[in-house]
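Overview (structure and organization)
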Amino acid sequence: MRKKRAGSPFSRQHWRMLPNHSCRFILFALLSFVPIASQAADKRSITEKDLFDFIWVGDPQISPDGSRVAFVRVSVNEKKIGYDTAIWTVSTADKEPPHRLTNGPHDNSPSWSPDGKFLVFTRATEKDGKPEPPQLAMLPMNGGDAWTFTDLPKGAGPPCWSPDGRTIAFTSPSNPEDIAKQQKKKQKEEESKKAAVAGSPSPGASAKPTATASPSKAADSDEERESDVLVVTHAVYREDNEGNADFKRPQHIWTIPAPQTADEKVQPKQLTKGRFDEANPIWSSDGVQIFFPSLHVDEPYYELPKTEIYSMAASGGEPTKLTTIDMDVNGLTLSPDGKQFAFVASQNQPVNSYTQPDLWVVEAAKDAKPQNLTAGFDYDVGQGVFGDQAPPRAGGQNPPIWSADSKSILQLFGREGRTNLGRFDAATGVLTELSKGDQAVLSFRATADNSKIVCLISTPTRIGDLFLLDSNAQQQQLTDVNRELWSQVNLTEPEEITYQTFDGKKIQAWVQKPPGFDPHKKYPLILNIHGGPHAAYGWIFEHEFQWMAAKGYVVFYPNPRGSITYGQEFGNVIQYHYPGDDYQDLMRGVDEVIKRGYVDDKKLAVTGGSGGGLLTNWVVTHTQRFAAGVAQRDIASWEHWWYTADFTLFQPNWFKAAPFDDPDDFKARSPITYIKNVKTPMMFVLGESDARTPPGAGGEEMFRALKFLKVPTVMVKFPGESHELSRSGQPWHRVERLEQIVGWFDKWLTGANKPEYDVAQEVTVKAKND
């Protein structure tokens, strides 16, 4: 299930410049971006553990003059339990290879100064083996070391430069009490150091007995201790992968002078206060004002989503509310002429399961009302297809980007399994497509005059690389970060198919076939169902599908009704009928692939995560045609999920009423209701810290029931993992998840010996020599 966005209920150190050896540039120019000549037969198949060698590109930022792109290079760390991030840069003008700017290992959110002479970013360090909150750091682009210039107790968020480059705005949850405690602690540490120096014996003097500890030490410790007991008063008090909300520390807006040297001491200033969060500070073009979105409602889940826009003097003072927009606003940006904001949002009325997001503008004036620029464009704006290899860190955002004359706006759009970039007229909403093809544009940035646009692009055989986009929709590749790995691995393109389902709707789907595919052979098939439910597969890299195919399976992944990128009616048709007719779409798709003659209809498997886990449970409770199933991060009981998920369904998006007011509907749409129908051997893959689809409302219920019914079943639990296990979990866990899924299918579809799934396992004890 996906965090709420765009109308969907689940829509959430040292620096050094490396030497620029000319021989490296020449070699790169000769080797880069040239198709590999070796035949597929000379390459090996991709493996699950290749993930350890993946490189991801995140949060690209183009320099003001358009000559360079700074980006976050993400890689698996040495212990394979996390990710390292460092800032790198690449030229937009020549074929020089990307080079490293910072050593990391936890550098993020790069942002160019308006004159391009500095790069500010966030840097997180460790102290006593524990992660410290990220702080702001500055890197001079003419050479030299980066330095950190904030020290806030709860850290600093992504930076935002003032137009004149003298000040940086950011958000932080640090409060006055935190700062007072920090200063008191520092003072005590300084006093301890002075006492230690004063008490040191002079050379040749004998040491004296140390003094006894102060009797007030224990009392001081008690005063400094902060209770970890959670007293909950809000229905929404936690967020998957983020933990419990801290209502005592809302995010506020701060500013700090931009230091020019490491010796320049600067102090941050808190601009806003109160009990509500503020986000994404936006400077006015003259630098006099700061705008920001907020919502001054204590319990917003009782109302339909809305956003309030505020303005305040950059020097401080009381904020003024400009207007209230009756939508959940994403990516608020101000036009260069200062007259309008642009943003992406979905209408609130009527209350739908899914309302496709549109591009909006609203005047920067008191009580202004927004205008929908894309009301006549029946596809998604600001979102599109998803895969399993988006950057696991440093994802960044994709706010609308205005042209210099404020007459057009750049934004992504999703259409029929593809995500591309378009230019929308700021008055009429007319779309000019800037990128085209079977691909997914994951993020984009542009110079102020839009003369240079850089995109992060993924395809079924490319995790994600940077491309420069020209006015003729031609794409010039800037990076090839996984080139060395791809030169060894045989990746295959999926086949796109379209079929007609039971009521005449057309369903788009893809078939990933094994390397060396022989249409005259019979292959086992895996039906892989996406979650969301308002999400979409498409022309994007999927490591999971490539590896399953490399293991000898045909992988079928369709976009049934409820999927996005096909228009409003197709996306919302499942409201109050989920699961339901989408199950028929899936089964018709399996039939379509079987008709092609290369699938063994006795060796069918089904899997999916989140909403796909729910549908996997629904499939095996409604048919016995599958030889094995794996439900991941699933839902078994809608009622139990309604009570325990990290967000609420207090509005009638998916259900017309609460479970205690309409128990029959919740029961009818819950797979656990039909548990006695299950004969399919089942595996349940669960993250123990999943707050989006809590295990107790999903796989744990299904597992216990199937054990009672003596149906072959196994539960695989990943400690410490959230709902994001498959996308950004610990690398070792992501690999083991793949191994468990395919291992279960190997056991039941190919007859592989898998003793780890047997109840009675042999225990071998090695004899010790006396």
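Within each chain, residue numbers correspond to sequence positions counted from 1 in written order. Only residues with pLDDT of at least 70 are given local features in this predicted model, and only at 80 or more are side-chain atom pairs given and counted; all residues enter the totals for whole chains, interfaces and linings. Side-chain metrics in this entry use all non-hydrogen atoms of the structure; hydrogen atoms and water are not considered.

Here we look at the sheet that holds strand 2 (residues 55–62)
The cut-off we apply is this: Any two strands with at least two DSSP bridges between them are considered paired. A helix here means a DSSP run of H or I that spans at least four residues, while a strand means a run of E at least two residues long, and both kinds are numbered starting from the N terminus.
Reading across from one edge, 2-3-4-5 is the order of the four strands in this open sheet, with antiparallel pairing throughout. Each of the sheet's edge strands pairs with one partner strand only, and the pair in question is strand 2 and strand 5 (99–100). Here strand 3 (residues 68–76) runs beside strand 4 (residues 83–91); their pairing, made up of nine bridges, is antiparallel. Bridge assignment links Ala70 to a residue of strand 4, and that residue is Thr89.

Points about the sheet that holds strand 17 (residues 269–270)
Ordered in space as 12-13-16-17, the four strands form an open sheet in which the pairing is antiparallel. The open sheet is flanked by strand 12 (160–161) and strand 17, the only strands paired with a single partner. Summarising the sheet, strand 12 and strand 13 (residues 167–172) pair through two bridges and their orientation is antiparallel. The partner of Trp161 across the bridge, within strand 13, is Ile168.

Details of the pairing of strand 10 (residues 135–140)
The following threshold applies: Burial status follows relative accessibility: with a 1.4 Å probe on protein chains alone, a residue under 20% of its type maximum counts as buried, one over 50% as exposed, and anything between as partly exposed.
In terms of residue burial, strand 10 counts as a mostly covered element, since six of its six residues are buried. Of the two faces of strand 10, the one holding Gln135, Ala137 and Leu139 and the one holding Leu136, Met138 and Pro140 are both buried throughout. Across six bridges, the pairing between strand 7 (residues 118–123) and strand 10 is antiparallel. In the strand pairing of strand 10, Phe118 is matched with Pro140. The hairpin formed by strand 10 and strand 11 (residues 147–148) contains six residues between the paired strands, and Gly143 there has a positive phi angle of roughly 110°.

Quick notes on the pattern of salt bridges
Which entries qualify depends on this criterion: Take a side-chain nitrogen of Lys or Arg and a carboxyl oxygen of Asp or Glu: if they are within 4 Å of each other, that pair is a salt bridge.
Enumeration according to the criterion identifies 31 salt bridges in this entry. Two residues, Arg123 and Asp107, come together in a salt bridge whose shortest N-O distance is 2.9 Å. Within this pair, whereas Arg123 is found in strand 7, its partner Asp107 is found in strand 6 (residues 107–112), the two being separated by 16 residues in sequence. Residue classification places Arg123 among the buried residues on the basis of a relative accessible area of 5%. The partner of Arg462 in a salt bridge is Asp465, and the shortest N-O contact between them spans 2.7 Å. Connected through shared salt-bridge partners, Glu495, Lys513, Glu592, Lys595 and Arg596 make up one network.

Observations concerning unusual backbone geometry
A cis amide bond links Gln349 to the next residue, Pro350, at an omega of -5°. Within the secondary structure, Pro350 sits in the loop between strand 23 (340–345) and strand 24 (358–363). The backbone of Ser406 sits at a positive phi, close to 65°, despite the residue not being glycine. When you line up the elements, Ser406 lands in the loop between strand 27 (401–402) and strand 28 (408–415). Looking at Ser406, the relative accessible area reads 9%, which means it is buried.

Some details on the side chain of Thr623
To be explicit about the condition: We define a polar contact as two N or O atoms separated by no more than 3.5 Å, with the added condition that, inside protein, one atom must be a possible hydrogen donor and the other a possible acceptor, whereas residues neighbouring each other in sequence contribute only through side-chain atom pairs. Whether two residues touch is decided by their heavy atoms; if any such pair falls within 4.5 Å, the residues are in contact.
Here Thr623 is to be found in the loop between helix 8 (611–622) and strand 41 (628–632). A distance of 3.3 Å separates a polar side-chain atom of Thr623 from the backbone nitrogen of Arg625. Contact partners of Thr623, with chain neighbours within four places excluded, come to Tyr583, Met587 and Thr680.

Structural notes on the confidence of the model for the protein
As a reminder of what qualifies: A score from 0 to 100, pLDDT tells how confident the predictor is in each residue.
Looking at the protein as a whole, its pLDDT mean stands at 91, while 90% of the residues score no less than 70. Per-residue pLDDT stays below 50 along residues 206–213; that stretch engages in one contact with residues further than four places along the chain or on separate chains. Between residues 765–770, whose pLDDT stays under 50, and residues either more than four places distant or in other chains, the model counts zero contacts.

Quick look at the environment of Asn559
Along the chain, Asn559 turns up in the loop between strand 39 (554–558) and helix 6 (568–572). Setting aside residues no more than four positions away along its own chain, Asn559 makes contact with Ile507, Gln508, Trp510, His530, Ala536, Tyr537, Tyr566 and Phe570. Looking at Asn559, its side chain comes within polar contact range of the main-chain nitrogen of Tyr537, at 2.8 Å. A distance of 2.8 Å separates a polar atom in the side chain of Asn559 from a polar atom in the side chain of Tyr566.

A few points about the side chain of Gln411
Inspection of the secondary structure puts Gln411 in strand 28. Of note is the side chain of Gln411, whose polar atom sits 3.2 Å from the backbone oxygen of Asn398. Those residues in contact with Gln411, other than ones at most four positions away along the chain, are Val344, Val381, Gly382, Asn398, Pro399, Pro400, Asn420, Leu421, Gly422, Phe424 and Phe444.

Side note on the nonpolar core
We apply this condition: To form a nonpolar core, buried Ala, Val, Leu, Ile, Met, Phe, Trp, Tyr and Cys residues must be joined to one another through side-chain atoms within 4.5 Å.
Counting residues in hydrophobic clusters, the biggest one holds 109 residues, and the most contacted among them are Phe54, Trp486, Leu527, Phe556, Trp638 and Phe745. Looking at this core element by element, the count peaks at seven residues for helix 13 (residues 731–750). Ignoring sequence-local partners within four residues, the contact set of Phe745 consists of Ile526, Tyr553, Ala605, Val606, Thr607, Ala628, Gly629, Val630 and Thr750.

Let's talk about the packing of helix 7 (residues 581–594) against helix 8
Counted only if it meets this: Each axis is a line fitted through C-alpha atoms, and for a helix only the stretch in contact is used; angles between axes span 0 to 180 degrees, taken between their N-to-C directions. By the definition adopted for this analysis, an angle is roughly parallel if under 35 degrees, roughly antiparallel if over 145, roughly perpendicular if from 65 to 115, and oblique otherwise.
Remark: helix 7 packs on helix 8, axes separated minimally by 11 Å, with the N-to-C direction vectors making an angle of 75°. As summarised for this structure, helix 7 and helix 8 are arranged roughly perpendicular, according to the angle between their axes. On helix 8, the residues that touch Asp582, Tyr583, Leu586 and Met587 of helix 7 are Leu615, Trp618, Val619 and His622.

Side note on the environment of Glu542
In this fold, Glu542 is placed in the loop between strand 38 (523–529) and helix 5 (543–550). Classification of Glu542 as buried rests on a relative accessible area of 6%. Spatially, the C-alpha atoms of Glu542 and Leu468 are 24 Å apart, while their sequence positions differ by 74 residues. Setting aside anything within four residues of it in sequence, one finds Glu542 in contact with Phe386, Gly387, Asp388 and Tyr537.

Points about the packing of helix 5 against helix 13
Rule in force here: Here a crossing is called left-handed whenever its near helix is offset anticlockwise from the far helix by less than a right angle, and right-handed whenever the offset is clockwise. In the scheme used here, Gly and all other residues not listed as nonpolar or charged are polar, with Ala, Val, Leu, Ile, Met, Phe, Trp, Tyr, Cys and Pro taken as nonpolar and Asp, Glu, Lys and Arg as charged.
Packing of helix 5 against helix 13 leaves a shortest axis separation of 11 Å and a crossing angle of 45°. On the basis of the axis angle, helix 5 is oblique to helix 13. Along this stretch, helix 5 crosses helix 13, giving a crossing that reads as right-handed. Only Arg737, Leu738, Glu739, Ile741 and Val742 of helix 13 make contact with helix 5, whose side of the interface consists of His543, Glu544, Trp547 and Met548. Here the contact of helix 5 with helix 13 is composed, by residue class, of five nonpolar, one polar and three charged.

A word on the pairing of strand 31 (residues 440–446)
Where burial is concerned, most of strand 31 is hidden: six out of the seven residues are buried. With six bridges joining them, strand 31 and strand 32 (residues 453–459) adopt antiparallel strand pairing. Paired with Ala446 across the two strands is Ile453, which belongs to strand 32. Between strand 31 and strand 32, which pair antiparallel and follow one another directly, the connecting turn spans six residues, one of which, Asn450, has a positive phi of 60°.

Focus: helix 7
Threshold: Multiply 1.5 Å by the residue count of a helix minus one, and that product is the helix's expected span.
Given a rise of 1.5 Å per residue, 14 residues ought to cover 20 Å, and the 20 Å separating the end C-alpha atoms of helix 7 matches this to within 8%. Taken across its 14 residues, helix 7 has 10 buried, putting it largely inside the fold. By the burial criterion, the buried members of helix 7 are Asp582, Tyr583, Asp585, Leu586, Met587, Gly589, Val590, Glu592, Val593 and Ile594. On its buried face, helix 7 sits against strand 36 (495–500), strand 37 (506–512), strand 38, strand 39, strand 40 (599–609) and helix 8.

Some points on helix 13
Compared with the 28 Å implied by 1.5 Å per residue over 20 residues, the 27 Å span of helix 13 between its first and last C-alpha is a close match. Gly751 sits one or two residues past helix 13 and shows a positive phi near 75°.

As for the packing of aromatic side chains
For the record, the criterion: Within 6.5 Å between ring centres, the rings of Phe, Tyr and Trp (the latter by its six-membered ring) count as paired, and their orientation is classed by plane angle as stacked under 30 degrees, edge-to-face over 60, tilted in between. Charge over a ring is defined by NZ of Lys or CZ of Arg lying within 6 Å of the ring centre and within 35 degrees of the ring normal.
All told, the structure shown has 40 aromatic pairs when counted by the stated rule. Aromatic pair Trp642 and Tyr643: ring centres 5.2 Å apart, planes at 85°, arrangement edge-to-face. Taken together, Tyr578, Trp638, Trp641, Phe647, Trp654, Phe655 and Phe666 form an aromatic cluster joined through their ring pairs. In this structure, Arg415 packs its charged tip against the face of Tyr379, placed 5.8 Å from the ring centre.

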